[in-house]
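The residues making up each chain are set out below.
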Amino acid sequence: MAQVKITQLRSSARCIQDQIRTLHALGLRRIRHSVVHKKSPTLDGMIRVVAHLVKVEEVK
């Protein structure tokens, strides 16, 4: 299974509550914080919600 590295690049200060909850569910707490998750359809949906706040990279 492929893995992706997700890094928060922007602040969640002016985001709607759903986006803030999604960031916390992904495990992102602050700017420049990174997490690695297994790629799945659920994860793709979560990334789509906060795409303007994060950077996503494939991990080999």
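Please read these numbers as outputs of a predicted model, since none were measured by experiment. (Residues numbered from 1 in each chain as written. Predicted model: local features only at pLDDT ≥ 70, side-chain atom pairs only at ≥ 80, totals over all residues. Heavy atoms only, no water.)

### So, the pattern of salt bridges
Threshold: Think of a salt bridge as a Lys or Arg side-chain nitrogen and an Asp or Glu carboxyl oxygen that are within 4 Å of each other. Here a strand is any run of E in DSSP of at least two residues, a helix any run of H or I of at least four, and the numbering for each starts at the N terminus. Only protein chains enter the accessibility calculation, which uses a 1.4 Å probe; a residue whose area is less than 20% of its type maximum is buried, one above 50% is exposed, and one in between is partly exposed.
Following the criterion strictly, the structure yields 2 salt bridges and no others. The closest approach of N and O atoms between Asp18 and Arg21, which form a salt bridge, is 3.2 Å. Linking Asp18 with Arg21, this pair stays in helix α1 (residues 17-26), spanning 3 residues, or about one helical turn. Here Asp18 falls in the partly exposed class, since its relative accessible area comes to 48%. For Asp44, the salt bridge identified is with Lys39, shortest N-O distance 3.5 Å.

### Observations regarding the packing of α1 against helix α2 (residues 41-49)
Our working rule: Between N-to-C directions, angles span 0 to 180 degrees; the directions come from axes that are lines fitted to C-alpha atoms, helices contributing only their stretch in contact. Our angle categories are set so that under 35 degrees counts as roughly parallel, over 145 as roughly antiparallel, 65 to 115 as roughly perpendicular, and the remainder as oblique. Should the near helix be turned anticlockwise from the far one by less than a right angle, the crossing is termed left-handed; should it be turned clockwise, right-handed. Contact definition: two residues touch when any of their heavy atoms are within 4.5 Å. Side-chain classes are defined by residue name, with Ala, Val, Leu, Ile, Met, Phe, Trp, Tyr, Cys and Pro counting as nonpolar, Asp, Glu, Lys and Arg as charged, and the others, Gly among them, as polar.
Taken N-terminus to C-terminus, the directions of α1 and α2 make an angle of 135°; their axes are 9 Å apart at the nearest point. Judged by the angle between their axes, α1 and α2 are oblique. The way α1 lies across α2 gives a crossing that is left-handed. Of the residues in α2, those touching α1 at Gln19, Thr22, Ala25 and Leu26 are Leu43, Met46 and Val49. A per-class count over the contact of α1 with α2 returns 5 nonpolar, 2 polar and no charged.

### Concerning unusual backbone geometry
Of note, the phi angle at Arg32 is positive, near 70°, even though the residue is not glycine. Of note, Arg32 is situated in the loop between α1 and β2 (34-38). By relative accessible area, Arg32 is classed as exposed at 70%.

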